[in-house]
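If you want the building blocks of each chain, they are given just below.
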Amino acid sequence: MTPTLTAPATRWTLRRVDPSTVEAFMRTQRLSEVGARLLAARGILDAKAASAHLEPKLSALHDPALFSDMKLATQRIVRAIEHGETILVHGDYDVDGVTGTTLLMRLFGLLGAKVHWHIPNRFTDGYSFGPHSIVKAKEVGATLVISVDNGTSAHETIHELKRLGVDTIVTDHHEPSEGELPEALAIVNPKIERARYPFRELCGGAVAFKLAWGLAQELSGASKVREDLREFLVDAMGYVAIATVCDVVPLIDENRVLAHYGLRSLANSKDAGIRALLAVTELSGRTISSEDLAFKVGPRINASGRLGSAHKAVELLLTRDATEARTRALALDELNTERKRIESDLLREALVAAAPFADRNEHPVLVLAGQGWHQGVVGIIAARLVSRFERPAIVIGLNGATGRGSARSVAGFSVLDAMHGAKDHFEHYGGHEQAAGMSVAADKIDRVREAVCARATTMLGATGFASKEVRVDSEIAFESMTPELMRELDRFQPFGERNEKPVLLSCDLRLAEPPRLLGADQTHLMLKLRSGNTVLKAMGFGQARRAKELALGQPIHVAYTPKWNTFRGETNLEIEIVDLKTGARPTLA
């Protein structure tokens with residue numbers, strides 16, 4: 001019998017926590033049992049760590065001087081500014097690279113530096129440093145190039161720049177390739193061995209921020225920076241928050257601090273570009289969440305680089321004219337609408353292409369390729385496939401004899417490690433555990449698939465991938481899901497990687513009215529769920545297919561995340577469905 005392409009069955013488990021730790025947090029942090037369990041389930045085990053999590057402080061940020069190459073980098077930049085040298089800030093075309101580039105450009109503008117910026121075109125230049133980098137450096141007469149979110153593996157280009165008398169400072173967060181590092185003057189990257197930095201999970205925009213902070217210290221002659229530069233750094237954390245959330249780095253340690261204060265900076269920003277972007281996403285005057293950045297702000301910035309040139313996004317963020325900013329923000333909004341259309345069409349094609357590889361044992365990683373597939377959205381399609389089928393996916397857009405693609409993975413599995421199995425077949429590849437990119441010849445796709453799957457099979461051993469799991473933080477009576485509890489859970493924001501949104505379970509609910517399907521394509525499920533006198537609206541995004549399982553009067557058990565919803569100026573408590581079951585009360589593993 002031919003296997004069909006399906007996700008494994010979902011199992012519900014209860015996060016196990018130490019009852020004494022929960023009791024201690026209820027007492028010392030004045031939390032409900034739900035809040036105390038949430039802290040313990042996130043690996044927070046003592047009062048000091050609990051306070052740091054619930055009340056992030058700027059003093060918890062690590063000193064940028066802890067980077068071993070920071071002094072080399074900042075002294076070289078100061079010399080360039082003092083001597084009137086031309087600096088080239090070299091970013092990348094995703095949110096991380098765009099925001100980091102903007103941050104450094106704004107700082108250099110404040111300092112009166114002679115500076116230009118460059119971001120490669122995804123389709124004509126490819127990722128990171130390349131021949132285009134040398135062309136741009138020559139064009140502007142740069143004697144110093146500073147990378148943002150790339151460069152750690154750019155050996156050839158950095159060598160050529162050095163031969164031409166151009167110094168390179170790399171700021172990056174990607175894993176280095178095997179062997180020697182490139183011949184850069186300085187490499188500021190928490191993932192290289194010599195960095196000696198205490199936290200390795202910064203995104204590229206955050207590393208650029210650390211360089212900016214280190215430069216502010218160098219110019220101030222002390223670890224405490226002068227007031228004008230301090231004001232700049234506090235405001236610049238808004239860019240870092242966008243990058244941190246959208247690059248899906250763990251929201252722990254100083255990433256949590258940067259995101260927490262960065263969200264505040266965004267809400268209070270005076271930058272014309274940021275204000276225009278918040279206006280088109282209907283976030284002006286509202287409390288901004290990490291979810292807003294991930295699903296509203298980030299996609300619009302990314303749309304520029306996905307469908308053409310990321311220059312449009314940088315130009316929006318750099319403009320100081322409100323009218324121009326409004327025009328540019330609306331243009332990004334239109335690009336994002338076009339991106340969603342392209343994505344929807346390509347997902348349908350990818351699902352058809354995936355059907356022959358349904359056997360999870362033979363194909364533990366989905367490797368798909370198609371002629372004409374838009375290379376700007378293949379990463380999104382890979383992520384959609386991972387979410388749908390609970391296994392890693394590599395999606396490659398082919399343009400004649402060559403292709404570029406993106407990989408995404410499931411938690412706990414390094415797709416980059418699996419790709420090492422096909423290193424002899426890729427033209428270029430790189431990334432990290434959960435996401436990677438590559439370029440490959442069209443006639444090598446089958447060999448790549450075979451080699452990646454063979455490596456993945458070895459990595460997984462006899463166990464294979466675990467079945468999909470919904471991890472429940474607490475089971476509560478539906479009547480206990482009150483605005484008061486929601487306000488307590490708000491203290492755990494911002495949510496993201498390794499500080500996941502709470503998942504609560506309430507059983508034996510009933511429909512207060514028949515299910516409704518929402519959205520232009522009728523893919524979303526809306527329910528009114530009732531228990532006693534408590535009725536809450538429940539949204540199941542992309543879960544319209546579940547409607548046929550439900551009937552009035554039938555017991556429903558729902559795993560969900562509570563949230564506020566603001567519509568037409570009115571804010572109400574509702575829930576977002578993670579999963580649901582009907583029939584007998586479920587047993588939690």
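Residues numbered from 1 in each chain as written. Predicted model: local features only at pLDDT ≥ 70, side-chain atom pairs only at ≥ 80, totals over all residues. Heavy atoms only, no water.

Visitor: Hey, could you run me through the packing of aromatic side chains in this one?
Guide: In this description, an aromatic ring pair is defined by two values, namely the gap between the centres and the angle between the planes. According to the stated counting rule, one finds 4 aromatic pairs in the structure shown. With 5.2 Å between their ring centres and 40° between their planes, Phe 426 and Tyr 429 make a pair best called tilted. Aromatic pair Phe 478 and Tyr 560: ring centres 6.1 Å apart, planes at 90°, arrangement edge-to-face. Taken as a pair, Phe 478 in the loop between β13 (474-475) and α18 (483-490) and Tyr 560 in strand β18 (residues 556-567) lie far apart in primary sequence, 82 residues in all. Given the relative accessible area of 2%, Phe 478 is considered buried. Among the residues examined, Tyr 560 registers a relative accessible area of 0% and is labelled buried. Across the ring face of Trp 12, the terminal group of Lys 581 is positioned such that the distance to the ring centre comes to 4.8 Å. (Phe/Tyr/Trp six-rings, centres within 6.5 Å; stacked < 30°, edge-to-face > 60°. Helix = DSSP H or I, 4+ residues; strand = E, 2+ residues; numbered from the N terminus. Buried < 20%, exposed > 50% of the residue type's maximum accessible area, 1.4 Å probe, protein only. Lys NZ or Arg CZ within 6 Å of the ring centre and 35° of its normal.)

Visitor: What is the right way to read the sheet that holds strand β7 (residues 366-371) from this model?
Guide: Hydrogen bonds between backbone groups are what pair the strands of a sheet, and the pairing can be parallel or antiparallel. The mixed open sheet is built from 5 strands, whose spatial order is β7-β8-β9-β11-β10. Bordering the open sheet on either side are β7 and β10 (426-431), each of which pairs with just one other strand. Pairwise comparison of adjacent strand axes, ignoring direction, gives a mean angle of 15° for this sheet. Across 5 bridges, the pairing between β10 and strand β11 (residues 435-441) is antiparallel. Bridge pairing in β11 links Gly 431 to Ala 436. (Pairing = 2+ DSSP bridges. Axes fitted to C-alpha atoms, helices over the stretch in contact; angles between N-to-C directions.)

Visitor: What should I look at first to understand the nonpolar core in this one?
Guide: The nonpolar side chains of a soluble globular protein tend to be buried, and buried together. Leu 103, Leu 104, Phe 108, Ile 146, Phe 209 and Leu 293 are the most contacted members of the largest nonpolar core, which has 96 residues in total. Not counting chain neighbours up to four residues away, the residues in contact with Phe 209 comprise Leu 103, Leu 233, Ala 236, Met 237, Val 240 and Leu 258. The next biggest cluster of nonpolar side chains, apart from the first, holds 43 residues, and it includes Leu 347, Trp 373, Val 378 and Leu 416. (Core = buried A, V, L, I, M, F, W, Y, C linked by side-chain atoms within 4.5 Å. Contact = heavy atoms within 4.5 Å.)

Visitor: I keep staring at the side chain of His 132 and nothing clicks. Help me out?
Guide: Tracing the sequence through the fold places His 132 in helix α6 (residues 131-140). In contact with His 132, other than residues within four places in its own chain, are His 90, His 118, Pro 120, Asp 125 and Gly 126.

Visitor: Which parts of the structure should I look at to understand the environment of Glu 85?
Guide: Within the secondary structure, Glu 85 sits in the loop between α4 (70-82) and β2 (86-90). Here the alpha-carbon distance between Glu 85 and Leu 215, two residues 130 residues apart in the chain, equals 16 Å. The contacts of Glu 85, once residues within four sequence positions are left out, are Arg 76, Arg 79, Ala 80, Lys 114 and Thr 143. Polar contacts involving the side chain of Glu 85 include one to the side chain of Thr 143, which spans 2.5 Å. (Polar contact = N/O pair within 3.5 Å; in protein donor to acceptor, adjacent residues only side chain to side chain.)

Visitor: How do you make sense of the side chain of Thr 561 when you look at a structure like this?
Guide: Note that Thr 561 resides in strand β18. Residue classification places Thr 561 among the buried positions, given a relative accessible area of 9%. Within the local environment of Thr 561, its side chain forms a polar contact with the backbone oxygen of Pro 502, the two atoms lying 2.8 Å apart. Discounting residues that sit within four places of it in the chain, Thr 561 has contacts with Lys 501, Pro 502, Val 503, Glu 574, Ile 575, Glu 576 and Val 578.

Visitor: How should I be thinking about the packing of helix α8 (residues 204-220) against helix α9 (residues 227-246) in this particular structure?
Guide: Two quantities define a packed helix pair, namely the angle between the axes and the distance from one axis to the other. Direction vectors running N to C along α8 and α9 enclose 170°, while the axes themselves pass 9 Å from each other. Comparing the axis directions of α8 and α9 gives the class roughly antiparallel. On α9, the residues that touch Gly 205, Ala 206, Phe 209, Ala 212, Trp 213, Ala 216, Leu 219 and Ser 220 of α8 are Leu 229, Leu 233, Ala 236, Met 237, Val 240 and Ala 243. Here the residues of the contact of α8 with α9 sort into 12 nonpolar, 2 polar and no charged. (Parallel < 35°, antiparallel > 145°, perpendicular 65-115°, else oblique. Nonpolar A, V, L, I, M, F, W, Y, C, P; charged D, E, K, R; others polar.)

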